[in-house]
Amino acid sequence: MVDILLATYNGEKYIREQLDSLLSQTYKDIRILIHDDGSGDGTVDIIREYRESFPSKIEIIEDGCFFGNAGKNFAHLLKFSTAEYIMFSDQDDVWDEDKVRLMLGAMKTAEKKYVSEQSGDKSDFPIVVFSDYEVVDENLKPVNINEKHLEVAKHYTSFNRLIVQNYVTGCTMMINREAAGMFGEFDPRMDMHDWWIALYTSAMGKVIHFPKKLMLYRQHDRNEVGAKDIKSFSYRLKKLKDPASKESKEDGYQALELMKERFWSELPGDKKRLIRDFLGMREKNKAERIKVLMKYRILKSDTVRVLGQLFFI
């Protein structure tokens, strides 16, 4: 079985299309777990309506818990998932009818290859598989954006690259039970659920890109996280002026501190050395920090972003 975790909040405008696409999957052994984050519109009424029509496919977690944050909502949903494989769904996208089937095939191929190569024991080996998406507007029409300019245009999956930039979008992911079991309690140092999962999986398992567009990624004025042209002049000027850009390096420090607390005894030696040196940068001067970044290739996705990274480090 595959659990599809659907986090909702004021999504009445688009959620019917997404639920229809999930229920139309060619792979039928699915369960849709839904947790609403305190919607003030008709979202909950809509999902209750769908549950009445599809009681064997849809389960709503109504426990009175509200978080005000999509990452925390997804983390909460993970606690209720018991399936061997798990996917994350936003409320406003539309999935290709073959998305679950193709992702599951890629996952099982990866397990067959890497589990036998690495540990020989499936229970010890977390895997993330993630696909591509097509960026569309609120009416599901293709957006005029150069796909080479998207943050996920490159598909770096190594631990060193993921420390400073997330290339794995949550709504494109499938994770196995081993990866899910390592998530733990939500911690603010995770930033977002998808980055945290990709980060620890890249350190102790395998993150794999499946090069096929399997969903329409809807962009509108209420996206909590969306697709951005990171190479546009306006985006780069905004990031340069944003005080948060100077502090973004703290995200990597905090995430690795959390990894050190939770997984130190399980981490391979090369990852321990990288983490020690990266965390040690806070005590070093700028030249020494740059030296560490270059040694381990802890770099962002393109030349301009790397220059910004080195400027603010």
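Computed from a prediction, not measured in an experiment: that's the story for all the values here. (Residues numbered from 1 in each chain as written. Predicted model: local features only at pLDDT ≥ 70, side-chain atom pairs only at ≥ 80, totals over all residues. Heavy atoms only, no water.)

Here's the deal with the nonpolar core
Of all hydrophobic cores here, the largest spans 53 residues; its most connected members are Ile 175 and Met 259. Ranked by the residues each element gives to this core, the list is headed by helix α7 (residues 193–204), at eight residues. Setting aside residues up to four positions removed in sequence, Met 259 forms contacts with Phe 159, Trp 196, Leu 199, Tyr 200, Ala 203, Met 204, Trp 264 and Leu 267. With 38 residues, the next largest nonpolar core counts Ile 15, Ile 32, Ile 60 and Met 87 among its residues. (Core = buried A, V, L, I, M, F, W, Y, C linked by side-chain atoms within 4.5 Å. Buried < 20%, exposed > 50% of the residue type's maximum accessible area, 1.4 Å probe, protein only. Helix = DSSP H or I, 4+ residues; strand = E, 2+ residues; numbered from the N terminus. Contact = heavy atoms within 4.5 Å.)

Brief notes about the layout of surface pockets
There is about 190 Å³ of room inside the second largest pocket. Surrounding the second largest pocket, 11 residues form its lining, Asp 124, Pro 126, Met 182, Met 204 and Glu 266 being those nearest its centre. Per-class residue counts for the lining of the second largest pocket are six nonpolar, two polar and three charged. (1 Å grid on protein atoms, 1.4 Å probe; cavity = no way out; pocket = protein on both sides within 12 Å on 5 of 7 lines; lining within 4 Å. Points joined across faces, edges and corners; volume = space filled by probe spheres on them. Nonpolar A, V, L, I, M, F, W, Y, C, P; charged D, E, K, R; others polar.)

Remarks on the packing of helix α11 (residues 269–280) against helix α12 (residues 286–296)
Two elements in contact, α11 and α12, have axes separated by 10 Å at closest approach and are oriented at 160 degrees. Between α11 and α12, the interaxial angle falls into the category roughly antiparallel. Here the hand of the crossing between α11 and α12 comes out left-handed. Note on element contacts: α12 touches α11 through Val 292, Leu 293, Lys 295 and Tyr 296, opposite Arg 273, Leu 274, Asp 277 and Phe 278. When the residues that make up the contact of α11 with α12 are grouped by side-chain class, the tally is five nonpolar, no polar and three charged. (Axes fitted to C-alpha atoms, helices over the stretch in contact; angles between N-to-C directions. Parallel < 35°, antiparallel > 145°, perpendicular 65-115°, else oblique. Left-handed = near helix turned anticlockwise from the far one by under 90°.)

What about the side chain of Asp 36?
Inspection of the secondary structure puts Asp 36 in strand β2 (residues 30–36). As a buried residue without a salt bridge, Asp 36 has its nearest oppositely charged side chain in Arg 48, at a separation of 8.4 Å. A polar atom in the side chain of Asp 36 sits 2.6 Å from the side chain of Ser 39. Setting aside residues no more than four positions away along its own chain, Asp 36 makes contact with Thr 8, Tyr 9, Thr 43, Val 44, Cys 65, Phe 66 and Asn 73. (Lys, Arg positive; Asp, Glu negative; His and termini not counted. Salt bridge = Lys/Arg side-chain N within 4 Å of Asp/Glu carboxyl O. Polar contact = N/O pair within 3.5 Å; in protein donor to acceptor, adjacent residues only side chain to side chain.)

Topic: the environment of Ile 34
Relative to the assigned elements, Ile 34 resides in strand β2. As for Ile 34 and Ile 4, which are separated by 30 residues in sequence, their C-alpha atoms are 8.4 Å apart. Contacts of Ile 34, omitting those with residues within four sequence positions, involve Leu 6, Thr 8, Leu 19, Ile 47, Ile 58, Glu 59, Ile 60, Ile 61 and Leu 77.

Brief notes about the pairing of β2
Most of β2 is tucked away, with seven of its seven residues classed as buried. What you see with β2 is no split at all: Ile 30, Ile 32, Ile 34 and Asp 36 on one side and Arg 31, Leu 33 and His 35 on the other are buried throughout. Looking at chain direction, strand β1 (residues 2–8) and β2 are connected through seven bridges and run parallel. Opposite Ala 7, over in β2, you have His 35 as the bridge partner. Handedness of the β-α-β unit built from β1, helix α1 (residues 15–23) and β2 comes out right-handed. Pairing of β2 with strand β3 (residues 58–60), which is carried by three bridges, proceeds in the parallel orientation. Following the sheet pairing, Ile 32 is matched in β3 by Ile 58. As for the winding sense of the linkage, the β-α-β connection from β2 through helix α2 (residues 43–53) to β3 is right-handed. (Pairing = 2+ DSSP bridges. Right-handed = clockwise from strand over helix to strand, strands pointing away.)

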